[in-house]
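Listed below, chain by chain, are the residues.
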Amino acid sequence: MIIVLLGAPGAGKGTLAGALKDELGVHHISTGDLIRAEIKAGSPIGLEIKRFVESGGLVPDEVVTRMIEGKVKSTASDNRGYMFDGFPRTGAQATDLDKVLSANGLAIDFALYMEASIDVVLQRLTGRRVCRKCGALFHLTNMPPKKDGVCDVCGGELYQRADDNKETIMKRMSVYNEQTMPIIDFYKKQSKLKTINADSGAEDVRKALLQILNGKKS
Ligand code: ADP
Ligand code: ZN
């Protein structure tokens, strides 16, 4: 199964993928996580792209497409499928993803548009906390860790992402509206778009996707 998760920052793409990747057996590929790992490692690419992320802009298409290409090439033969989270984010990335997949004999099954309202995403992003060690996601009030500041999964330290501040969030939202929204239409035209209401809690959203996978809803 190859699924693309679409939706504004804070729509819950990473939370949904985190909750379902083991159950579905798919690879969870988050370009945000890949990008943050490069920045943390201080690699040449990381140094080059840090400024884009910190300002709330997008990393150049070629850079993210190369990351995705590498991941797909090295895992395609295990036939586990994918959940792409945060990619594609532009029209060019959407066509690139189709090319990368077809070069490996694969194709997207559907794109899941997680539709969320602005108040909800703002509340989610400002309260979001991330594990420094394993990347698990938490929220101060919606999904608090058992122990303050400590990851339930691995005991790592929780931190607030540098781009999860109000000003950068507003910039990310406008980038999303301008550059990412149009690709919803790209998948609609291919009859691959499924939409769910992502304002509800993580468990309801998880169930909504499982229903789609079981063919109960289109
Ligand atoms: P969110 O969905 O909460 O905005 P992500 O972790 O997906 O967070 O992305 C964080 C940042 O990483 C983005 O604001 C952008 O700078 C960069 N980024 C992630 N994915 C892409 C992508 N596909 N293309 C360009 N930049 C990306
Ligand atoms: Zn952790």
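Here goes a summary of the coordinates provided.

Cut-offs used in this document
Residues numbered from 1 in each chain as written. Chains lettered and ligands numbered in written order. Predicted model: local features only at pLDDT ≥ 70, side-chain atom pairs only at ≥ 80, totals over all residues. Heavy atoms only, no water. 1 Å grid on protein atoms, 1.4 Å probe; cavity = no way out; pocket = protein on both sides within 12 Å on 5 of 7 lines; lining within 4 Å. Points joined across faces, edges and corners; volume = space filled by probe spheres on them. Helix = DSSP H or I, 4+ residues; strand = E, 2+ residues; numbered from the N terminus. Nonpolar A, V, L, I, M, F, W, Y, C, P; charged D, E, K, R; others polar. Donors = N, O, S within 2.8 Å, 3.2 Å for Na, K, Ca; no water. Tetrahedral: all angles 85-135°; square planar, octahedral: opposite > 155°, others 65-115°. Buried < 20%, exposed > 50% of the residue type's maximum accessible area, 1.4 Å probe, protein only. Expected span 1.5 Å × (residues − 1). Contact = heavy atoms within 4.5 Å. Pairing = 2+ DSSP bridges.

1. A closer look at the layout of surface pockets
A water-sized probe, rolled over the atoms, reveals where empty space remains. Taken as a whole, the second largest pocket holds about 150 Å³ of empty space. Around the second largest pocket, the lining residues are His27, His28, Ile29, Ser30, Asp33, Leu34, Lys71 and Thr75. Broken down by secondary-structure element, the contributors of at least two residues to the lining of the second largest pocket are strand S2 (27-30), helix H2 (31-41) and helix H4 (61-75). Along the lines of polarity and charge, the residues of the lining of the second largest pocket split into two nonpolar, four polar and two charged.

2. Some details on the coordination of the zinc ion (ligand 2)
Around the zinc ion (ligand 2), the protein contributes the donor atoms Cys131 (SG), Cys134 (SG), Cys151 (SG) and Cys154 (SG), which lie 2.3 to 2.4 Å from the metal centre. For the zinc ion (ligand 2), the four donor atoms in the first shell make angles of 99 to 115° at the metal, a pattern classed as tetrahedral. Motif for the zinc ion (ligand 2), donor spacing along one chain: C-x2-C-x16-C-x2-C. One end of the pair, Cys131, is in strand S5 (residues 128-131); the other, Cys154, is in the loop between strand S6 (137-139) and strand S7 (158-159), and 23 residues separate them in sequence. On the accessibility criterion, Cys131 (2% relative accessible area) is buried. Cys154 gets classed as partly exposed once you look at its relative accessible area, which sits at 30%.

3. Focus on helix H9 (residues 202-213)
The end-to-end C-alpha distance of H9, which contains 12 residues, comes to 17 Å, matching closely the 16 Å that a straight helix rising 1.5 Å per residue would cover. For H9, the elements touching its buried residues are helix H1 (13-24), strand S3 (82-85), strand S4 (110-115) and strand S8 (193-197). Just beyond H9, the residue with positive phi is Gly215, at close to 75°.

4. Considerations on the pairing of S4
Most of S4 is tucked away, with five of its six residues classed as buried. In the sheet, strand S1 (residues 2-6) pairs with S4 via four bridges, with the strands oriented parallel. Across the sheet, Ile3 pairs through a bridge with Phe110, a residue of S4.

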